[in-house]
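Letter by letter, the chains look like this.
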Amino acid sequence: MESTERLVRTWIATRRDEQIAQIAAGTLLNVVKALGEYLVSEENELRSKGVELLSLVLERLPSGSLNKASVRTLASFYSDKLGDSDTIIPALQGLQTLVKVPAFGAAETTTVIESLFRHVKTKALTQNHRFKVFTIVDTLMANHREVLKAMGVRFLDGYAKFCEGEKDPRNLVLIFAIDRVILIEFDISERVQTLYDVIFCYFPITFRPPPNNPGGITADDLRLSLRSVVSATALFGTLAIPHFLENLAAVGRPAKRDILETLAVCIPVYGPQVARSFARKLWNSLKLEVFQPVDTITEELAVKAIQVLIKTIYAPSEHEETRDDIQGLAKDACEECIIILREPEKTQARPAARILCSFMETTASVSKYTVSQAVPHLTKLFINPDEVTSRPATLVLLAQFIEAARDSMSSDISGDVPLMPYKDDVLGALSGGLKAHNLRIASLTGLKGLVTTERLLTDQELGFIVHSVNEIIQDHPDQFDDISDGILELLSSISEVCPRQVVEQTLPILFSSLPDSAPSREAASERAQIWKTLSYLQTLCTEPELFEILVIRLTTKLELLCSRSSSEVNADPEPSAGYAHAILKTLANTLSTKVTRNHADIAKYLDRLVIRIFNLFVYAALTAEGDKRPMILSDPRLLEAAALCTTLVVRSLPTP
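Computed from a predicted model, the values in this text were never measured in an experiment.

Chemist: Describe the environment of Glu496, and please don't skip the residues or the numbers.
Modeler: Structurally, the position occupied by Glu496 is in helix α27 (residues 484-497). Take Glu496: its relative accessible area is 53%, and that puts it in the exposed class. Considering only alpha carbons, one finds Glu496 and Asp332, 164 residues apart in sequence, at a separation of 40 Å.

Chemist: Account for the packing of helix α15 (residues 253-270) against helix α17 (residues 279-291), naming residues and giving values.
Modeler: Two elements in contact, α15 and α17, have axes separated by 12 Å at closest approach and are oriented at 135 degrees. With respect to α17, the axis of α15 lies oblique. Where α15 crosses over α17, the two elements pack in a sense that is left-handed. Across the interface between the two elements, Lys256, Leu260, Leu263 and Ile267 from α15 touch Leu282, Leu286 and Glu289 from α17. In terms of residue class, the contact of α15 with α17 is built from five nonpolar, no polar and two charged.

Chemist: I'd like a description of the pattern of salt bridges, backed by residues and values.
Modeler: Overall, the coordinates contain 34 salt bridges when judged by the stated rule. Among the salt bridges present, the one from Arg145 reaches Glu185, with a minimum N-O distance of 2.7 Å. With Arg145 in helix α9 (residues 145-150) and Glu185 in helix α11 (residues 169-185), this residue pair connects regions lying 40 residues apart in the sequence. Among the residues examined, Arg145 registers a relative accessible area of 23% and is labelled partly exposed. The class for Glu185 is partly exposed, based on a relative accessible area of 34%. A single salt-bridge network, built from bridges that share partners, covers Arg280, Lys287, Asp332 and Glu336.

Chemist: Pulling in residues and values, what's your account of a nonpolar patch on the surface?
Modeler: A contiguous nonpolar surface patch, about 330 Å² in accessible area, is contributed by Phe614, Val618 and Leu622. Residue classification places Val618 among the partly exposed residues on the basis of a relative accessible area of 34%.

Chemist: How would you summarise the nonpolar core if you had to cite specific residues and measurements?
Modeler: In summary, soluble globular proteins display a tendency toward joint burial of nonpolar side chains. Ranked by size, the top nonpolar core spans 221 residues in total, and within it Leu98, Phe155 and Phe244 carry the most contacts. In terms of residues, this core owes the most to one element, helix α18 (residues 296-314), which gives ten residues. In contact with Phe155, not counting residues within four places along its chain, are Ile113, Phe117, Val137, Met141, Leu148, Ile182 and Phe186.

Chemist: So, helix α5 (residues 68-81): which residues are in play, and what are the values?
Modeler: Helix length check: α5, at 14 residues, gives a terminal C-alpha distance of 20 Å against a target of 20 Å (1.5 Å per residue), a fit within 8%. Close packing links the buried residues of α5 with α3 (28-39), α4 (44-60), α6 (88-98) and α7 (106-119). Between a side-chain oxygen at the N-terminus of α5 and the backbone nitrogen of Ala69 the separation is 3.3 Å; the capping residue is Asn67.

Rules used throughout
Residues numbered from 1 in each chain as written. Predicted model: local features only at pLDDT ≥ 70, side-chain atom pairs only at ≥ 80, totals over all residues. Heavy atoms only, no water. Helix = DSSP H or I, 4+ residues; strand = E, 2+ residues; numbered from the N terminus. Buried < 20%, exposed > 50% of the residue type's maximum accessible area, 1.4 Å probe, protein only. Axes fitted to C-alpha atoms, helices over the stretch in contact; angles between N-to-C directions. Parallel < 35°, antiparallel > 145°, perpendicular 65-115°, else oblique. Left-handed = near helix turned anticlockwise from the far one by under 90°. Contact = heavy atoms within 4.5 Å. Nonpolar A, V, L, I, M, F, W, Y, C, P; charged D, E, K, R; others polar. Salt bridge = Lys/Arg side-chain N within 4 Å of Asp/Glu carboxyl O. Patch = residues over 30% accessible without salt bridge, like charges linked within 9 Å, V, L, I, M, F, W, Y side chains within 5 Å. Areas by Shrake-Rupley, 256 points an atom, 1.4 Å probe, with all protein chains shown as cover. Core = buried A, V, L, I, M, F, W, Y, C linked by side-chain atoms within 4.5 Å. Expected span 1.5 Å × (residues − 1). Polar contact = N/O pair within 3.5 Å; in protein donor to acceptor, adjacent residues only side chain to side chain.

Keep in mind that these numbers describe shape and distance, not what the molecule does.
Below, the structure written as structure tokens:
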């Protein structure tokens, strides 16, 4: 006891940290006895030092060393000291430790929290001391939440006063975490306006971190934390929506994005009733961000918010079947956008179509209604002879709707295909677009959308599309290069679902343009056409059925080139060697694509391709006559390309 008293007196005089550990080595009772005169001293400084030392010692004691009686006494002591302006800071320091002790119970929680509310004025404290207050509340919230909930509005009122005017980001992150728990788990029905006032005064976040940024907290940290709070309860709905809309029209670009993202999170929480009551106001504000966007990111966020609004309003309930008759916002918005689409070449048509396409990803009923309004409108517009000049823009928009309708389909194979009732009109418009050069790119995009829509087109209709595309390849070869990418993508898509149509109609056209012998050096255009055809085949023939045809036809061409006599090639072997190399590279590149896509049919080409090519080189070596050996297969480029084909196939063989 004497040594403890001596150490206490020494610390009071010197405040050396090393002495605290020595004091904490004794019993808490001896420490309190030694501090007795200081804890009740009439001198403010001595009294403050006494409480501070007790708090420092408490920090160093094992949390399990305090029994229930000690904790109760300390809680009462510190609560009293909160009312002393000279001891409030060290008392907060002690409470920050005490509330974490396992023996700290419900009675102590009530004592401490009521004393905090009664004595602590957070506005009079510095940031680090306010942080202690919020840390104490956070710990009590984590460990004794039911006690705080039982306090009802007393706790809510006291906590709201603590938070008023707080601006430090380090404290706000902690406050927002506490706020979210309160909004989700507490009964706030009698204090919705109070909590709204202390929370929404921060929204939207305009914080910019200072250069040194002591807490390391970013603006995004605050935005995400606050967003989790404002979306925590449906009770904020009628107050929050006007706040969001008012700020959306007034703030700059970063804050706009924050508001739009927050709206998308909050609207489902606030519920369909709130969404319906503010539907028109929300639509009028959000559509401006789409039709008059400040940038593409903000536009996308606005479209997302509109989607969420529609989903929330028209989400089917458990006891309500999907309705075919659409009323309210979705109908009004569709009609508004369709009016704009009467002039598809105008700049406003693109955002109008963007909004309608987004409707297809909301609910089944809204999606069905949107397709029924937009697609027939565009197909009628396309065939209208008075709207010839708008046909390119019309097809572009139609292709967008086709893709949106495809993407909106559920994975359920028994589900409806939105485009099925309008398939004939759409297919007629797109196939008609293939006949005009300025309409082909949009038509190809739309046709690809149809082809990739499951359960929509029959094999006969796919064959009709292939036939229409082949007419371009045959009748307009001069125009094919400009749209070759679109045509090959379309044919590749068809080959994935119905390869027979491509095998029977398109491949014969392409293979027939490949000669059995190489053109001369002077025939530059013929050589260029060969390279193009091979590149088209390389892109198109990755599917198993098409690749099998490719291997058979190209290896046959290769054998014909290599079987020519030396006298035929000795004059100028380069054209034949170049042609043979191009064939082998086409096979190698196609194999490489198949390996990347993990196709299972590669292994079977050990016999059908690798050994066949190997035999060509072996036969050429065995039949060589001194310097008169065939020059084509001795070209290093052919050896390299053949080796690549062999490597790709062998690496794909199953391990024994």
